[in-house]
Every structure is written in C-alpha cells, then in structure tokens.
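Chain residues, written in single-letter form:
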Amino acid sequence: MVLNEQQKMIRNICILAHVDHGKTTLADHLIAAAGGGVLHARQAGKLRYLDYRDDEQQRGVTMKSSSITLHFKNHVINLIDSPGHVDFCSEVSTAARLSDGALVLVDACEGVHIQTHAVLRQAWLERVTPCLVLNKMDRLILELKLTPLEAYARLQSIIGEVNNIINAFRSEKYLSDVDSILTGPTTPISEGLDSEDGHMMRVEEEEDEEDAFSPDRGNVAFTSAMDGFGFRIDYFADLYAAKLGANVKALRKALWGDHYYNPKTKKIVGKKAAAAGKLKPMFVQFVLEPLWQVYEVGMQGKDGAERLGKIIQSMNLSIPSRDLHHKDPKVVLQAVVSRWLPIADTVLSMVIECLPDPVMAQPERLVRLVPKPDIPPGTSKEVQTELELVRSAVEHCDGGYEGPCVAFVSKMFAVPIEALPRHGPNGEVITNLEVDLGVGDTDAAHRECFLAFARVFSGVLSVGQRVFVLSALYDPLDAESWNRNVQEARVEALYMMMGRGLEPKSSVSAGNVVAIRGLAQNILKSATLSTTRHCWPFASMTFQAAPIVRVAIEPSDPTDMGALTRGLRLLNRADPFVEVSVSGSGEHVIAAAGEVHLERCIKDLRERFARVELVVSPPLVAFRETVDAEGGTVDGVKTVPGQSEFVETTTPNGRCTVRVHVTRLPAAVTKVFDGSADLLKEIVEGEGKGLRSQVHGTARGGKGKEDPIELLCSRLLVAATGEDMVRNQEGGRRKKSEEDRDDWVHKLPNIWALGPRRVGPNVLLVPHAHSSEIVRSLSTESIDGISQSVIMASHSLLVKGSAQISQKLGLASGVDVTDGDAEEEINGRTPVSSILTEVQGLESSVVSGFQLATASGPLCEEPMWGLAFSVEAFVTLKPGGIASDQGSIEEAVDATVSADQYGPFSGQVMTAVKEACRAAVLARNPRIAEALYFCEVGAPAEHLGQIYGVLGKRRARVVKEEMREGTAMFTVHAYMPVSESFGFADELRRKTSGAASPQLVLSHWEPLAEDPFFVPRTEEELEEFGDGLSAPRNTARKLIDAVRRRKGLPVEEKLVQHGAKQRTRARKV
Ligand SMILES: Nc1nc2c(ncn2[C@@H]2O[C@H](COP(=O)(O)OP(=O)(O)OP(=O)(O)O)[C@@H](O)[C@H]2O)c(=O)[nH]1
Ligand SMILES: [Mg+2]
C-alpha cells in the first residue's frame, strides 16, 4: 500500500442548509481567511463571493454548487457551497457526492426547516460525515432579544431536533421529509434521571449510539456569519481552565448540558445540587452571558465605549482604530466579536478535527458509492484480481502514479470561454486556446466551454492522459457492455476551482476535487472515469425529486429553430437536473424542478445557449388518472356470477377476447411504488448484477437489514396490510377491509408487470382463471345456446403470463398460480404444446398493451396511477373451432400467429388489451389525480390573514399552523395543487410586503374526490346546480378539459356518453 500522507491533509467538504440560512455568507469568511487573497476580509460576509451569477446576486439565492480550494494550517480544503432552495436540490446531490464531510447550517432563529431534513438525508445517503453550525446567533440577541437562558434552551432544542432526524435515519424509520415535518418537532433530549452523584443522565432512547451532534465533542459550532464570529466549546474550556484552575477535559464536558458551577465550593455540580443555589447552566454563565454582554455594551455606541474598551483590553484584542471609532456601533461591534472569536478559525479547525480525510472516508463511502456486485461463477481469476485491485485502490485512496486512476464526474457545467485561463500549469502562455478546444468541449459558436466537476478517488489524473468514460450501466464482466457503455477520451486540461476562477494544473492526485476539460462529448451529466476497463462504475446520482414543472418552448422567429435545438442540447448538459424532450405533438418541452429553476433555465437558454428570442408556454402540469377507491361500476361492465366484473373487447379478427378487471391499489402500496422508482428500475432491469448485495445507504454501522429489496418487500407487505387498519378505524366497513387485506396479501405474489414504463405505480396481475374455469364462465354467458359457446370456449387458451415482478422481488410464494396446467389439454385431445408456445408468445403483447394503457388514460391521456389490472386474454385457435375440422393443428397454429387483413395478430392483441384497460377505467368511476406540493410559509402573525387568503384561493389545504417558539413568527404547513402554485411566491410576497416567503416541495399524488362526470339529478341537486347543461363544471372536469384542449383532444363527448349513468355515484361524494 502506498503511503498517502498527502491525502491525509485534504478535506473535501460541502456546506448544506435550508435556503437563506447563511451558507454563502459563511463561505465568504472561510475564503477571506484561507482563499489565498481572492477575497478581502472587509468584504467577507457582504460580497457572497461564490454567488457569481448575476441572477444569484440579484435574488440573493444560490443556484448552483461551486467549489473553491482553501489552504489552512497545512491542510487543503476543497469547499463546495450548495444552494438551499428546493428547486436546486440536484446541486446538493452533486456536491455531496464529491464530499466526505459537510457543514450543516441551521439558522438559530428559524430552527430546522424542510430543506434541513432533505440535506441531512442526502448527506446520510451519500455517507458524508456532518458537523453542525448554528448560525445567525446574533439574531437571538438583537432580534429576538432572548436572555442567555432562553437562548440556551433554544439551541438545545435545535440540536436535539437535528439529532432526532439522524436517529430516525439510523433506525431506518422510513419517513419522507414531509412526513417527518408533520410528525412535529421532536422534543429535545428527554427528561433526565438524577444519578447518585447528582449528575444528569440522559435517558437512552431506543438506540444506544451516541448523538450525532454534541457540542462537548466539538462537532457543533455557534456562529454569526453576518458579524463574523464563531466559537466551539473548546475555546471557552481552554479559557476557563486557566482562570478556574480546572481540568480542560472536564470543563469541555461540563460546558454543555445540565452542569452548574458552584462558586462557593468551586465545584461543578448537577441539577439537584444546583437548584438550591439558583445557579445557571455553565454554558449560559460562562459562554452566552459574556457574549450577550459584549453585544449589549457594543450596541450602546458612545455610551458603552469605555466598557467596550475594557473588554477589548482584557481580551487582548487589537482593533484598527478606523473600525473602533466608526460611527455605526454595529461596525464597531463586528470588529470586536470577529477578532475575539474569529469565525473562519473556528469553522476550519472544526473541519480539520471532526471531518474525515479522504483516506478515512473512502472505505466507509465506497460501500454506498460502488456497490459490490456478486461475481458470477466462472469469472476468470485474473479479472477478479484486477477488479479487486481497483476496488482496493479506491478504498484506500491510493494516490500513487502506478495504480489505476479512478474518478467520478458528478455534473457538467458550462463556463464562458473568456473565463478559461490563458496560461498553462507552469505559467506558459496559451495563444491558440480556441484551436486547442475540441469540438466536443464547446458549443458551435465557441462561447461556452463544458467542464466536468469531478473527484479523483484513486491514482493520479494528468493532462494528456487517456481515460475510459464508463456509464452507470457498464458491467466489466460483460463483453457486450464494453461497446455500449464505454468511451475513450483524453484529459485536455485540469483546473483547480476558485469559485469563478480556474487555476490550471498538470496533474491531480487521489482525494482531490477538480474540473476537467475534454470530456464534453463523452459525458452528458455524470460518469465514472477509469484508466482500466476492470472497474465497476459508481452508482448513479440520487435526486430528491423529479422535475415536475414543464413548459413548451419555441423560437419567436421560426427560422431560429436550429439555434433552439442546439441550445436545448447544451442546456441539458449544463444542468444536472433539467429534462429536455420533444412531446408527442413535436413541441420542445423543458421539465424543471420548480418555478425558480425553470426561470433560470430559460434565462440561460435565451442568453447563453440558444441566444434567440423565445416563446414560452404556460406551465404544462402533469396529472394522473385513477378510479374511485370505493369501486362501483357503471355501464359497459359485464359480470359473471362468482367473478368480478370486467370489461370485454375482441380483436378485429375475432380470435382474441380480452377481459379486464381493474381496482384501486391500496394508497399505501401506491406510495411505496411511487417512492421506489429508482430501486424498482434497478430490480426490473437488473440482470445478474447481484442487487441483493448492494446497499443503498439504508443501513449503516452493520445494523438492521442490509438488503434493499427485502426492505422494499417488507414495506410493500406492511402497506398492503396496514392501510386497512386505518380504514377500520373509520368504522363501519370492517368486514370489507378485512377481505381487502387478505385480497392484497394474496395478490402481491402475483405481479406480472408494472407500468407505465415498466416501473410505474400500476400493476398487472397474473390472470387467475384456469381453463376449466374458462369453459364454465363462458358457457354461462352463452347467448345463442350453450353448445355453440362451449365449442368456442373449448378452443380458447388463456394467455397466462407469470409473476415476473413478484419473483424478482422475492414475493412470489414459489407456487405459480398458473403452474400445473402447462400441458393443457384441448377438449380432451392430445396436448398441443406448439400452440401453447405461440400463445405464450402473446404474453409480451398483453404486457405492452398494459404499458400503453397505463401511459395514457382515458380521461385526458395522462398516465394512470395506483391501479391494479387483471387481464385475461383468451385466444380462439381458429374461428368456428377445430372441432369441426379435426387434425388441422398446423392451421390452428397458423391462425394464432399470422397476420390477416387487420395486421399482425400480436399487434391486434396489444391494441385490444390497451383499449380494454382504458375502457375498464372509464367504466369504474374514473378520477383525476393531481400532484400536491407540501408548502411551508413563515410569516409574522399580522400577515396570517393575507396568507390564508392566498392559500384559500389556490385550493390549498392547511394541515398545521404553529407559532415558532420564542418568536412572533408563525409557520403554516399546507398542501397545494401544483396546478395552482404558479406565481404563488410572488403573490404572497406582494400581499405581505415581502414578510412571508414560501417553500414548496413536491409531496404526493392525490385523487380529487369529485366525479368529473357529475350531473345533478336529485331534486336538491337540481335546485343547487340547475339542470345538467348549465351546471358549472366541477374542478376535476375543468382540469381534464384544460388538458384535453391543450393536447388537441375533443372536449365534449365523454360527458354525454357516461354522464347519466354516473349520477347515483355522484351523490355519495
Ligand atoms: N442576522 C444574520 N444574518 C445573516 C447571517 N448569515 C447570513 N445572513 C443573511 O442571510 C441572508 C442569506 O444569506 P446567504 O449566505 O445568501 O444564505 P444561503 O444559505 O447561501 O442561501 P441560499 O444559497 O440561497 O440557500 C443574507 O441576507 C445574509 O446577509 C447571520 O449570521 N446573521
Ligand atoms: Mg447561498
């Protein structure tokens, strides 16, 4: 193993927090102190150096993650500042992937917010070690005017809350960010028990692991990035150790928690002993009170000048007289506190002491970043050794030249060509940069250059080196994969990032963050780089949300179309999250995370990538189609005694009859499918990749289940059984729900496919019927006399399918429901296995039909959601049956597979299945489902009225309103339909004169209870709504009509077709 002393002096860290909690302001101080002079101390905290885009400066919101290299006490610190706005959460993922440690900031005044949950989760998933920074301490003093004791309680409660969030991850309690917020702020460290020596002992909660963050262990800092001060307990422990003659270690422990100093006995005592003397916790007495005092004196201006002078003297500070005699007391105060407790020293020391270097971090992170797949038996020893070698090099952060070089690119970003340095690593002048830039590096007009934001995990990356670019799908054990998933590229240049500035380097060794030029043509968004082909690719990036806001874009001048398509291609590369696509009707569509993100994309497109005037459509909101959970049937539905109702269609050639039965999945099951799309995709596509041994960040420290699939299955089972218990409590329907539950536990092992696109929240179940049942069921349905239908039925074969998904999930019981009748006999004659084979061939048609139907429902061609289909496709061997034409089996076979005047038979079956599925939905009380945002608004009490007004107008449902402890601020939590959310932030800001600011996070899908085809019928209804014709359309119907109109679909006819028969249902709603 190579000695990697150099690597041990590196820290790769990111700053994570909720929006506006002060990340970029803190970064300023760190840059001023350790950035080699790029930022003057005077500007620190005001410039927001890393927000170098002009829209970032104007809005005061960071929109991208950017990196800067700092030097502090012989250490190299690569610092990545990330955005806190939820629209840019993908930038948090790209930052976390390249970091080993994180500074998690929390505004001490605002406390934990929704993005705090989200970034903690991201850090957890990526196995990044966090430190906590409680920022904006000044607000506690000057704005909230808390006493030191109140402030202490507040800080304690925030730390407790953050620890509880981490504990929830540890114990693998599955809670979405929204769920955990709604369960309420968790109480801090619980009531204590007094132990014998009078000290407090913390009551251990279920876990015996220690809290993630604890001031006495040094991984919590208290700061004000605005005023430039920051401290950890260590500083005060050292200070008082000298003064009180106490042991530093003991003091460090005593300065946080319920420890009190008894001045008479000069002893540290516990709560009980302290109660008599009315003592204050030591943190209050020795840390907060002096700080409060400095603020108090400082803010008095001239009146306090004398006392301030004394303080300055006693602390031995040298303050430039220009600052000391400044008119503004705040400037004087900042000069004092920032010299007394310099924030950069505090935070950077914490980084070096508490956050791991790459050598320590990589073995821990490797498990998550490069899952260890099962090696199939028969793999050559050489290959295995080579793979192990590479893995071990990454694990040990081996920085030698001899070893393999492996790096990961977490995003591509564009810089203007002018920003590229015109000199090489050794200061040599580059004259022909434009020529040097490869075609792939830049856009056609040579304005923007694409760089890869990367981290080297092993070896040394050098300019001129050739590397393999591996996509996430690459499988080094599969020769074919080599051609599909690997490209070769040359490293053209390497740069250290200094915010906007770039510093050329000739080589970069393991453990460093770097920008690489030369890969633009090979990488779209992220990739693994390696100098050997025997390397597993890194796991692909996980994002917290999917792009939800879509708009169609076209150039104002149609002749600019070429520029627009080129521009879109560049945008797609330059933004890790945006999705660029062409809709069915040929429009160019951009999907973004939210309004702010969308705005930035369009600005970039207009000003940088396409440089043409654009016309942007109103947002295209996505909907889902489903059925009413309570079932109920309308027209077009047939029933057979003892069986569930179904819809039936027949192929044009009459040879295949399709029966479809549809029900709603239990909501909890749908939620699991919705929330596990990534994992499901891996499972559905995963062939021989040994998923079972992969760990998806769900377990840590060897505790709990390590198998993500098992975890998913158990969540599915809980979801299938759990929900009914809730329904039970609603009363009245106990029996039905028990049946449902059995039903679902029974059905989970029978999942044939998921849709749409093979992973969606709709399931196709393996049909239940055996052929004997078919004969029975069809004969009871006979119209023209039994004999005829029996003949028909007796030559029908069921397309059976298999429980593929359940098997992959390990849910199938092993006994396939359709097993046992593979050697089907037709009408008592010899088994005709060749026909069976052909009928089996139709299985893919059934699945495809299901996929098509679920991709586009009957209401407005939006994807279906939360439905379970059972599709029975019966194939008649030949019209009229072979009973009358014995022995012509070949002919029969022919009939099942060949094309006729209606096209290939498989295509006919697919279409029939699709149509039947759509008809089944339409026949079972269809409902439209909309996406809901979870919305958090904070505002002073006097604006609550306006907030409720705006929320009400936008169909928002308020779930919680609470006053923030110790403030006059209220937090309102609500769910708001995405379709109503546009312009919400602006309107709110306008109505409350900027006092209220919302955060919107995509939460879940929810069906509207309204029947879109409602028509008044009873007397009361007629009275209320008038006759059906003039009745106002309900919201569900309006949404559907709007989508249909947008898609150019006819708008009227569905109402007329089904309206009348829906009446009885409508009244229940
Ligand atoms: N009072 C006070 N204000 C602060 C402090 N730190 C930052 N601010 C202010 O908070 C606002 C937001 O600061 P930023 O540094 O831009 O916050 P951010 O976390 O980078 O925000 P995003 O990147 O958009 O998520 C600015 O107006 C800062 O001046 C602090 O310690 N005290
Ligand atoms: Mg910022």
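Quick caveat: nothing in here was measured; it's all calculated off a predicted structure.

Looking at the coordination of the magnesium ion (ligand 2)
The coordination sphere of the magnesium ion (ligand 2), as far as protein atoms go, consists of Thr24 (OG1) and Thr62 (OG1), spread over 1.9 Å. Of this pair, Thr24 sits in helix H2 (residues 23-34) while Thr62 sits in the loop between helix H3 (54-59) and strand S2 (66-72), and the two are 38 residues apart along the sequence.

A short note on the side chain of Asp227
Tracing the backbone shows Asp227 in the loop between strand S8 (220-224) and strand S9 (229-231). Looking at Asp227, the relative accessible area reads 2%, which means it is buried. There is a polar contact of 3.4 Å between the side chain of Asp227 and the side chain of Lys330. Of the polar contacts made by the side chain of Asp227, one reaches the side chain of Gln334; its length is 2.8 Å.

So, the site of ligand 1
Around ligand 1 lies a shell of 19 residues, among which Lys23, Thr24, Thr25, Thr62 and Asp138 are the nearest. A distance of 3.3 Å is found between an oxygen atom of ligand 1 and a backbone nitrogen or oxygen belonging to His21. If ligand 1 stood free it would expose 640 Å²; the protein chains cover 86% of that surface. Those elements giving two or more residues to the shell around ligand 1 turn out to be H2 and helix H6 (137-143). Examining the composition of the shell around ligand 1, we find that 3 residues originate from one element, H2, more than from any other.

A look at the sheet that holds strand S22 (residues 549-555)
Read from one edge of the open sheet, 4 strands run S23-S24-S22-S25, paired in antiparallel fashion. What marks the edges here is a single partner per strand, and that holds for strand S23 (579-582) and strand S25 (614-616). Ignoring which end each strand starts from, the neighbouring axes of this sheet average 30° apart. Inspection of the sheet shows S23 paired to strand S24 (residues 588-592) by 4 bridges, in the antiparallel sense. By the bridge assignment for S24, Val582 is matched with His588. Lying over the sheet, helix H21 (residues 561-574) contacts S22, S23, S24 and S25, oriented at roughly 25° with respect to S24.

Overview of the pattern of salt bridges
Applying the stated criterion across every chain yields a total of 42 salt bridges. The partner of Arg918 in a salt bridge is Glu861, with the nearest N and O atoms 3.7 Å apart. With Arg918 in helix H33 (residues 905-922) and Glu861 in the loop between helix H31 (843-855) and strand S32 (867-876), this pair connects stretches of sequence that are 57 residues apart. For Arg918, a relative accessible area of 14% puts it in the buried group. Linked by salt bridges that have partners in common, Arg53, Asp55, Asp575, Arg600 and Asp604 make up one network.

Each value, and the rule that gives it
- Residues numbered from 1 in each chain as written.
- Chains lettered and ligands numbered in written order.
- Predicted model: local features only at pLDDT ≥ 70, side-chain atom pairs only at ≥ 80, totals over all residues.
- Heavy atoms only, no water.
- Donors = N, O, S within 2.8 Å, 3.2 Å for Na, K, Ca; no water.
- Helix = DSSP H or I, 4+ residues; strand = E, 2+ residues; numbered from the N terminus.
- Buried < 20%, exposed > 50% of the residue type's maximum accessible area, 1.4 Å probe, protein only.
- Polar contact = N/O pair within 3.5 Å; in protein donor to acceptor, adjacent residues only side chain to side chain.
- Near = heavy atom within 4 Å.
- Areas by Shrake-Rupley, 256 points an atom, 1.4 Å probe, with all protein chains shown as cover.
- Pairing = 2+ DSSP bridges.
- Axes fitted to C-alpha atoms, helices over the stretch in contact; angles between N-to-C directions.
- Contact = heavy atoms within 4.5 Å.
- Salt bridge = Lys/Arg side-chain N within 4 Å of Asp/Glu carboxyl O.

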